[in-house]
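One letter stands for each residue in the lines below.
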Amino acid sequence: MSERAFYVTTPIYYISGNPHIGHVYTSVAADTLARYHHANGPAFFLTGTDEHGQKVAAAAAEAGMTPQAWTDALVVKWKAICARYDVRYDDFIRTTEPRHARQCVEVFERLKASGNVYLGKYSGWYCTNDETFWLESKLIDGRCPNPECGREVQWLSEDNWFFALSKYRDRLLAYYREHPQWVRPERAYNEMVATLEGGLEDLCISRVNLDWGVPLPGGGVMYVWLDALLNYITALDYASDGERFRTFWPANVQLVGKEIARFHTIIWPAVLWALDLALPERVFAHGWITLEGQKMSKSLGNVIDPFEIADRFGSDSIRYFLLREAPFGSDFSFSEEKVRLRRNGDLGNDLGNLVKRSLAMLVRYRAGRVPTGAHSALGARFTDLGKRAGTAIAALEFREALEAIWEFVTALNRTIDEKRPWELDKRGDTAALDTALYELCEGLRWLAHLIAPFMPTTARGIWTQLGLEGEPHGAWSTELVWGRLEPGSVVAPSDEPLFPRL
């Protein structure tokens, strides 16, 4: 990764229904990345909603509403889920916004002027559910080949605009081979290389028999997937080459679900090249959350309500579970029992009890005032922790970062068990007791910084109980230096545990 300003995106979420826990997963991962990089320099986190297309128009009609009224009502829930999970985006773009539509038309004109877009006739199969054109050779028993869909397709014959995707096939293959890390994980990389080796067809990028979309000069609307992909640059004010665009493009990380990897790693880079723009540094197609062996999806009706589960377990508990349970990129199973075990064990017993015991002993033995501690072997042992955890986060190895942080949690708990401050107090060993208490409090300050990208609410809670103002922020290279907690500062422990046992 480069050292310039950091830009991370989620896919803009298709607004044909309510958000589910899978959407939370992507947003929390992006938020964790953004929070870490915000602490180290300029960073920008973009999310939003994809509001055009035939499926949205049909859903609105079924509800007896106009598409605009329908999307206006639904977008409130998508913003609310970000607030519920403390997802702090820098911009939230809607494809129905004038700023987006205006730039989409500008992109269309530039592509046409460069010879990358031409007028032709489309005759072929179209899946309304996936908003996707399919070759007949790809259909399975005459139906959509997407394993999540399998619905009937319809034959379309229209005069439409086409993007010359096929001419970028060889360049894409060469780029993949020269940059084996740009599409991750390896599973997604291999799938896209196989797709490219099978050949590409030019892409139909307009619809003439649909009026819910970005209107194009001469009639018709832009194909919903091209409309959606362009949000990553329209949110940066690409068309006017604004300061935001010059600062943040190309994106460092674009997060997507693996089911939409093809659009982001074949169509999107070809469009960027056609505009003479650099490609994102990395596209990461993460895995699926499964429930009883099946991927969660609205069509299967097995989704988990993200508001209800956050109310029951706490949003930070869910954030922690999603990023700790499995390597990022893998499929993994979600169950309430697994969440409960993580909350009661890792969060309640390990972290919550550590905070409560440490501050209670400080209040008991030093009236809540942080003592001056001698040299700490614990601080010396974990000197490189910030670097290790930060490197893992930057590489999207969230589980590995949390495992490294929990090594520190374990070491702090062991400090209590081995040094037994209550016995040091009985013996009158003032120096040893001061060192032990300082180690615990300074360790909590470190933990507030380390967990802030993952569990921002919990981090703020620890910070406040340490009697510190604001919230943990700043580059780990300067903040995670042992001894920065001022002796003499007064803590403010809470009567309520961070994670009450469930």
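Structure shown above.
It should be emphasised that the depicted structure is a prediction, and the values quoted were computed from it without experimental measurement.

Colleague: Give a description of the overall build of the protein that names residues and reports values.
Modeller: Within the protein, the secondary structure is distributed over 20 helices and 16 strands. Taken against the 2.2 N^0.38 rule, which gives 23 Å for 502 residues, the C-alpha radius of gyration of the protein at 26 Å falls within 12% of a compact globule. In terms of principal-axis extent, the alpha carbons of the protein reach across some 90 × 40 × 40 Å. Among the 502 residues that make up the protein, the fraction classed as buried is 57%. In the protein, 78% of the contacts between residues at least 6 apart in sequence involve partners at least 24 apart.

Colleague: Describe in detail the side chain of Asp227, supporting the description with residues and values.
Modeller: Inspection of the secondary structure assignment puts Asp227 in helix H7 (residues 224-229). The side chain of Asp227 sits in the buried core without any salt bridge; Arg99 is the nearest counter-charge, 11 Å away. Polar contacts involving the side chain of Asp227 include one to the side chain of His52, which spans 2.6 Å. Setting aside anything within four residues of it in sequence, one finds Asp227 in contact with His52, Thr95, His100, Cys104, Val214 and Met222.

Colleague: Please provide a residue-by-residue account of empty space enclosed by the protein, values included.
Modeller: Applying the stated criterion across every chain yields a total of two cavities of 30 Å³ or more. If you trace the largest cavity, you find 13 residues lining it, with Tyr13, Ser27, Trp78, Ile81 and Cys82 closest to the centre. Secondary structure elements with two or more residues in the lining of the largest cavity: helix H1 (21-38), strand E3 (43-50) and helix H3 (67-84). Here the residues of the lining of the largest cavity sort into eight nonpolar, five polar and no charged. Volume-wise, the second largest cavity comes out at about 40 Å³. Taken together, His52, Gly53, Tyr126, Glu131, Arg207, Leu210, Trp212, Gly213, Met222, Tyr223 and Val224 make up the full set of residues lining the second largest cavity. Residue classes in the lining of the second largest cavity are distributed as six nonpolar, three polar and two charged.

Parameters and conventions
Residues numbered from 1 in each chain as written. Predicted model: local features only at pLDDT ≥ 70, side-chain atom pairs only at ≥ 80, totals over all residues. Heavy atoms only, no water. Helix = DSSP H or I, 4+ residues; strand = E, 2+ residues; numbered from the N terminus. Rg over C-alpha atoms; globule rule 2.2 N^0.38 Å. Buried < 20%, exposed > 50% of the residue type's maximum accessible area, 1.4 Å probe, protein only. Contact = heavy atoms within 4.5 Å. Lys, Arg positive; Asp, Glu negative; His and termini not counted. Salt bridge = Lys/Arg side-chain N within 4 Å of Asp/Glu carboxyl O. Polar contact = N/O pair within 3.5 Å; in protein donor to acceptor, adjacent residues only side chain to side chain. 1 Å grid on protein atoms, 1.4 Å probe; cavity = no way out; pocket = protein on both sides within 12 Å on 5 of 7 lines; lining within 4 Å. Points joined across faces, edges and corners; volume = space filled by probe spheres on them. Nonpolar A, V, L, I, M, F, W, Y, C, P; charged D, E, K, R; others polar.

This is a description of form; function is not addressed.
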